[in-house]
Amino acid sequence: MDLYLKGKTAVVTGASQGIGRAVAKELALEGVKVFVTGRNEALLQEVKEEIIAAGGAEPVTFAQDFVAPDAAQKIAAAAFAALGSVDILVNNAGRSNPLDIVASDEGWGASMILDFERHRQLTQQFLPHFIERKQGAILNTISTFELRVMNGSAVYKAALVAWSKQLAGEVGKYGIRVNNLQPGLIDTENVRRFFNEEERKAFAAQQIPLGDFGEAQDMANMATFLVSPRAKYVTGSIVAVDGGMRHSAF
Ligand SMILES: NC(=O)c1ccc[n+]([C@@H]2O[C@H](COP(=O)([O-])OP(=O)(O)OC[C@H]3O[C@@H](n4cnc5c(N)ncnc54)[C@H](OP(=O)(O)O)[C@@H]3O)[C@@H](O)[C@H]2O)c1
């Protein structure tokens, strides 16, 4: 299926590894010029080489700590300078943040900034451009709501969902779509911190109908569709890629 992505441009945050890296690579293989950002310069360089070796359009790399106060402005300025115009924004940077039930404001604040505020701010940098061009696809990587333990990231990803649904309601008239991609458990560094091989198998056997954690590529496949013109009637949605882990009715 042609996704009609050839010649488009995309900004992907948290693209140095894991889900963001797979999304950036898949978009590049579809002919999208990608702007990849994260902190780790060596990994970003690796992403660039991997994409070129796979035959994708040469990406632009930009190392930036996303929690720096001016991160959104800096990323947007660099993206506009490198790409000219931007069609797609993938808000993916983030990190699971387990917290005690009585936790410090610093602990909660760290997730608020990384998992909600910077995504809102970066999106706002691109919105006037999207509105002017009457097009734009925004995709947020969110979190699994069914968590049973305290985790700052999941709480602020829930805020991101609420905000993105409001935004989808406001900007549909400009041809801008805003969606959320919800991972179950995807095998990345972020998640390997919490499950060793044996725990992963035991958890998957009990909780995941498809029997194992997913791969970053599984997320990338769905992400690529959701930001493509093929998904032109999809907005304000939460799309789960979780091997059937969610078991609520809707
Ligand atoms: N894997 C899962 O099952 C799962 C479950 C729920 C939610 N998620 C969400 O999915 C997204 C991707 O996670 P992942 O599993 O792919 O994790 P990952 O492999 O650890 O990748 C996280 C990415 O975010 C970037 N990042 C983190 N903190 C940053 C900061 N301060 N400044 C700039 N970049 C930063 C990292 O870049 P650098 O290290 O280069 O800074 C990296 O590229 C996250 O938002 C995460 O919350 C994943």
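Scroll up to find the structure this text is about.
Enquirer: Run through helix α2 (residues 41-53), naming residues and quoting values.
Expert: Under the 1.5 Å per step criterion, the end-to-end length of α2 is 18 Å for 13 residues, consistent within 8% with the ideal 18 Å. Inspection of α2 places L44, V47 and I51 among the buried residues, and these make up the whole buried set. Taken end-on, α2 shows its buried residues confined to a sector of 55°, consistent with a single buried face. Of the exposed residues in α2, those oriented more than 90 degrees away from the buried face are A42, E49 and A53. Close packing links the buried residues of α2 with α1 (18-29), β2 (33-38) and β3 (60-63). At the C-terminal side of α2, G55 shows a positive phi close to 95°.

Enquirer: Residue-level account of the environment of A168, with values.
Expert: Following the sequence through the fold, A168 ends up in helix α5 (residues 152-171). Its 19 C-beta neighbours within 10 Å are what place A168 among the partly exposed residues. Sequence separation of A168 and V178 is 10 residues, and the distance between their C-alpha atoms is 5.2 Å. Apart from the residues lying within four places of it in its own chain, the contact partners of A168 are V178, T235 and G236.

Thresholds, definitions, all that
Residues numbered from 1 in each chain as written. Predicted model: local features only at pLDDT ≥ 70, side-chain atom pairs only at ≥ 80, totals over all residues. Helix = DSSP H or I, 4+ residues; strand = E, 2+ residues; numbered from the N terminus. Expected span 1.5 Å × (residues − 1). Buried ≥ 20, exposed ≤ 12 C-beta atoms within 10 Å, placed from the backbone. Arc of directions from axis to C-beta. Contact = placed C-beta atoms within 7 Å.

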